[in-house]
Amino acid sequence: MNDTRNTSPKPNAAVETTPRFGSDCMAEMLRALEIPYIALTPGASFRGLHDSLVNYLGNERPELLLCIHEETAVAIAHGYARVTGRPLAVALHANVGLMHATMAIFNVWCDRIPMLMLGGVGPMDAVARRPWVDWIHTSSDMASLVRDFTKWDDQPASVVAALESILRGYRIATTAPQGPVYVCLDAGLQEAPIASPPPLPPLDRYPAPRVVDPPPEAVGEIFAMLAQAERPLLLIGRVANDRECFARRVELAERLDARVITDLKTAASFPMPHPLHPFPAGIYISAEAGALVREADVIVSLDWVDLAGSLRQACGGQLPAAKVIQCSLDSYLHRGWSKDYQSLPPTDIFVLADPDRLVSALLERMGESRRTATKSAAALPASTATGAAPNSTRDDARISIADMAHVTSASLAAHNPSYVRLPLGWPGECCHFAEPLDFIGFDGGGGIGSGPGMTVGAALALRGSGRLPVAVLGDGDYLMGLTALWTGVHYRIPLLIVVSNNQSFFNDELHQERMARMRGRPIENRWVGLRMDDPPLDLAALARGQGAIGYGPIHDTAALEAALDSAIRDVKAGGTCVVDVRVAPEYARTVSSTLLQHIPNDKDKSA
Ligand SMILES: Cc1ncc(C[n+]2csc(CCOP(=O)(O)OP(=O)(O)O)c2C)c(N)n1
Ligand SMILES: [Mg+2]
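First, a word on scope: everything that follows refers to the structure included in this document. Since the structure is predicted, the reported quantities are computational estimates derived from the model, not experimental observations.

## Brief notes about the sheet that holds strand E15 (residues 549–554)
Strands pair in a sheet through their backbones, by hydrogen bonds, and they do so in one of two ways: parallel or antiparallel.
Phase 1 of the analysis: Pairing in this open sheet of five strands is parallel, and the strands run E12-E13-E14-E16-E15 from one edge to the other. The open sheet has two edge strands with one neighbour each: strand E12 (417–421) and E15. Strand after strand, the sheet turns through a mean of 20° between neighbouring axes, direction not considered.
Phase 2 of the analysis: Examined bridge by bridge, strand E13 (residues 468–474) and strand E14 (residues 495–501) share five bridges and lie parallel to one another. Along E14, the bridge assignment pairs Val-470 with Leu-496.
Phase 3 of the analysis: Sheet strands touched by helix H14 (residues 401–412): E12, E13, E14 and strand E16 (576–582). Its angle to E14, the strand with the most contacts, is close to 165°.

## Some words on the coordination of the magnesium ion (ligand 2)
Phase 1 of the analysis: On the protein side, the magnesium ion (ligand 2) has Asp-475 (OD), Asn-502 (OD1) and Ser-504 (O) as donor atoms, found 2.0 to 2.1 Å from it.
Phase 2 of the analysis: Along the chain, the residues donating to the magnesium ion (ligand 2) fall in the pattern D-x26-N-x1-S. Linking Asp-475 in helix H16 (residues 475–481) with Ser-504 in the loop between E14 and helix H18 (506–519), this pair joins segments that are 29 residues apart in sequence. Grouping residues by exposure puts Asp-475 and Ser-504 together as buried.

## Focus on the pairing of strand E4 (residues 115–121)
Phase 1 of the analysis: Most of E4 sits out of view: seven of its seven residues are buried.
Phase 2 of the analysis: Every second residue of E4 is oriented toward a common face, with Met-115, Met-117, Gly-119 and Val-121 on one face and Leu-116, Leu-118 and Gly-120 on the other, all of them buried.
Phase 3 of the analysis: For strand E3 (residues 89–92) and E4, the ladder comprises four bridges, and the chain directions are parallel. In the sheet register, Ala-91 faces E4, and the bridge partner there is Leu-118.
Phase 4 of the analysis: A crossover connection joins E3 to the parallel E4 through helix H4 (residues 96–111); in handedness this β-α-β unit is right-handed.
Phase 5 of the analysis: As paired strands, E4 and strand E6 (residues 180–186) are joined by seven bridges and run parallel to one another. Within E6, the position partnered with Leu-118 by the bridge is Val-183.

## A closer look at the packing of aromatic side chains
Describing an aromatic ring pair means giving the distance of the ring centres and the angle of the ring planes.
Phase 1 of the analysis: In this structure the tally under the stated criterion is seven aromatic pairs.
Phase 2 of the analysis: Centre to centre, the rings of Phe-106 and Phe-149 are 5.8 Å apart; their planes meet at 90°, and the pair counts as edge-to-face. Of this pair, Phe-106 sits in helix H4 while Phe-149 sits in the loop between helix H5 (133–136) and strand E5 (152–154); the two residues are 43 residues apart in sequence, bridging distant segments of the chain.
Phase 3 of the analysis: Pairing Phe-433 with Phe-439 gives two aromatic rings, centres 5.1 Å apart and planes at 10°, and the pair type is stacked. Of the two residues, Phe-433 and Phe-439, both sit in the buried class.
Phase 4 of the analysis: Clustering of aromatic rings is evident, with ring pairs tying together Tyr-419, Trp-426, Phe-433 and Phe-439.

## A few points about the environment of Val-74
Phase 1 of the analysis: Topologically, Val-74 is positioned in helix H3 (residues 70–84).
Phase 2 of the analysis: The sequence separation of Val-74 and Ala-89 amounts to 15 residues, and the corresponding C-alpha distance is 8.8 Å.
Phase 3 of the analysis: Here Val-74 is in contact with Val-90, Leu-92, Ala-101, Ala-104, Ile-105, Val-108 and Met-115, once residues within four sequence places are set aside.

## Topic: helix H15 (residues 451–462)
Phase 1 of the analysis: Between its first and last C-alpha, H15 extends 16 Å over twelve residues, near the 16 Å set by a 1.5 Å rise per residue.
Phase 2 of the analysis: Gly-451, Pro-452, Gly-453, Met-454, Thr-455, Val-456, Gly-457, Ala-458, Ala-459, Leu-460 and Leu-462 are the residues of H15 that are buried.
Phase 3 of the analysis: Taken from the residues just after H15, Gly-464 is the one with a positive phi, measuring 85°.

## Section: the site of ligand 1
Phase 1 of the analysis: Near ligand 1, the surroundings consist of 15 residues, among which Gly-446, Asp-475, Gly-476, Asn-507 and Tyr-587 are the closest.
Phase 2 of the analysis: In this structure, Asn-502 approaches ligand 1 through a side-chain N or O atom, which is 2.9 Å from an oxygen atom.
Phase 3 of the analysis: When the residues that make up the shell around ligand 1 are grouped by side-chain class, the tally is five nonpolar, seven polar and three charged.

## Here's the deal with the pattern of salt bridges
Phase 1 of the analysis: For the structure shown, the criterion picks out 24 salt bridges.
Phase 2 of the analysis: A salt bridge links Arg-130 to Asp-134, with the shortest nitrogen-to-oxygen separation between them at 2.9 Å.
Phase 3 of the analysis: You can call Asp-134 buried: its relative accessible area is 9%.
Phase 4 of the analysis: In this structure, Glu-513 engages Arg-517 in a salt bridge whose closest nitrogen and oxygen atoms are separated by 2.6 Å. Here Glu-513 pairs with Arg-517, and both are found in helix H18, just four residues apart, close to one helical turn.
Phase 5 of the analysis: Classification of Arg-517 by relative accessible area gives exposed; the value is 53%.
Phase 6 of the analysis: A cluster of three or more residues bridged by salt bridges with shared partners is formed by Arg-112, Arg-238, Asp-303, Asp-330 and Asp-340.

## Quick notes on the side chain of Ser-269
Phase 1 of the analysis: Mapped onto the elements of the fold, Ser-269 is located in the loop between strand E8 (259–262) and helix H10 (287–295).
Phase 2 of the analysis: A relative accessible area of 1% places Ser-269 in the buried class.
Phase 3 of the analysis: Non-local contacts of Ser-269, meaning those with residues more than four positions away in its chain, are made with Ile-236, Val-239, Phe-246, Arg-249 and Thr-262.

Calculation rules
Residues numbered from 1 in each chain as written. Chains lettered and ligands numbered in written order. Predicted model: local features only at pLDDT ≥ 70, side-chain atom pairs only at ≥ 80, totals over all residues. Heavy atoms only, no water. Pairing = 2+ DSSP bridges. Helix = DSSP H or I, 4+ residues; strand = E, 2+ residues; numbered from the N terminus. Axes fitted to C-alpha atoms, helices over the stretch in contact; angles between N-to-C directions. Contact = heavy atoms within 4.5 Å. Donors = N, O, S within 2.8 Å, 3.2 Å for Na, K, Ca; no water. Buried < 20%, exposed > 50% of the residue type's maximum accessible area, 1.4 Å probe, protein only. Right-handed = clockwise from strand over helix to strand, strands pointing away. Phe/Tyr/Trp six-rings, centres within 6.5 Å; stacked < 30°, edge-to-face > 60°. Expected span 1.5 Å × (residues − 1). Near = heavy atom within 4 Å. Polar contact = N/O pair within 3.5 Å; in protein donor to acceptor, adjacent residues only side chain to side chain. Nonpolar A, V, L, I, M, F, W, Y, C, P; charged D, E, K, R; others polar. Salt bridge = Lys/Arg side-chain N within 4 Å of Asp/Glu carboxyl O.

So, to be careful, I would describe these as geometric facts and stop short of saying anything about function.
Pasting the structure below:
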């Protein structure tokens, strides 16, 4: 990588200063909102806006991020917002582009991530439509495609209304609980010349809403409950990822002498090596962490994702013995179509507030009457800060996921890694997350194929921060979304993707095995329709074919160490890198059993 360019090529034309078309004003609104990038796959339904961004704003603030698939455009904005907490804009072509984007939008929705999606449509004035194509790419209600999993949508009918709509959309997307919004811009409106440009709405007169603090009486009750608690437990879920909030959560846990469980579905929210965080985070609650839930007398959930399901899992389908406090704003987003709101959690106190505000309010309430971390914290087993030594290479020329994880985390440890994604089966002892952004979180909606795009988006946000973005992706996830790599290379975004390549959609092999077992049929067939080894896919070549650097396939731990050393150097020099690691098609037994288990419902008396 000799080219040090890290932005798009600048357009040739002189940049104009006075808006002349509807979309010039819309583009100015995006700049006023300080949106740094707009990810897109091109489409004529927003050609007016595209022209305004390039030839009126000069492809700066926002800068275009060219993506090869709309699902990637959304995933990039998702990854970026996960790191920064700020939304990107995404432009989505009428009908077909939006259709391509839907799964990624669902991921963003389930993840409660802010995003400003702009659609093109029309022209809505049928007289202005080109034959055929403008008709197939026009719908009466474009947003209906995504309305069930967006926070808000609009299709404004004038330029002035469009400016208000973009501003309102931005405010709604970024107000907790956050989510994606969709503003559909009539192509006719974008392309129409304007005689006198309308002024942009003054942002200071339309500020972000103030966030409400938890009610003082609820804080008082919670404080009293915690003061009595012998074995308090914090379940930390969707919370802010800034350092101050992170530090306050640590302070709260220490003052309460509370045990803490965190979640790999959400970003690093508490230092895992801390003695009050005795067991590694997982996608599901581990058996050891489950014991903490059963033994606790007061549980405080800071917007834990699927509180009911986790409690039920930990308590074998029974209601927990502990008093349960839930602090979450999430019910504001609960809708009918998707069940991402999860089972109704049993609670003793439910506070409809931002969870970090509850943390602050409790700390304030505690004042000097604090309990400090006690001997029990010191007596707890510290989480494993250094991984076990890697096992020797397996005979079958595949590495176990555990070995891959140990080698990868050891190789990266000294390079300030920021883990964007980890695969199922990644051992907890390889999660050394101690600060915000040590781990970014998961995909929200379980939509496979988001990994590469989210990695590129997160890495873009981390570029220049001294962090080394690394994602460990399944081969299925990598293959579904791999053209995001081209965008990474094109914009010179340094990142490392390690592919946990079992040459299979392996998660589903476990499901097929379970079916066969339940039905008394041959489990040896579990791989049929799932393995991707004939022909073997050359994942490193697929990376190289897009201008990225590719290593592998890697068959043993020594080669993996060497490849990672080299790849880390490449990433530090600005490279977009992929390491293909052939791993054994197996998960640790605990992961497989958790994945497949059914838990009786505490609300079902017959269970
Ligand atoms: C878009 C989409 N299609 C299908 C699935 C079902 N699914 C869940 S996990 C999985 C396998 C993923 O394969 P890979 O990324 O290679 O990870 P592995 O299971 O092999 O570790 C599939 C197909 C899904 N979640 N999302
Ligand atoms: Mg796989």
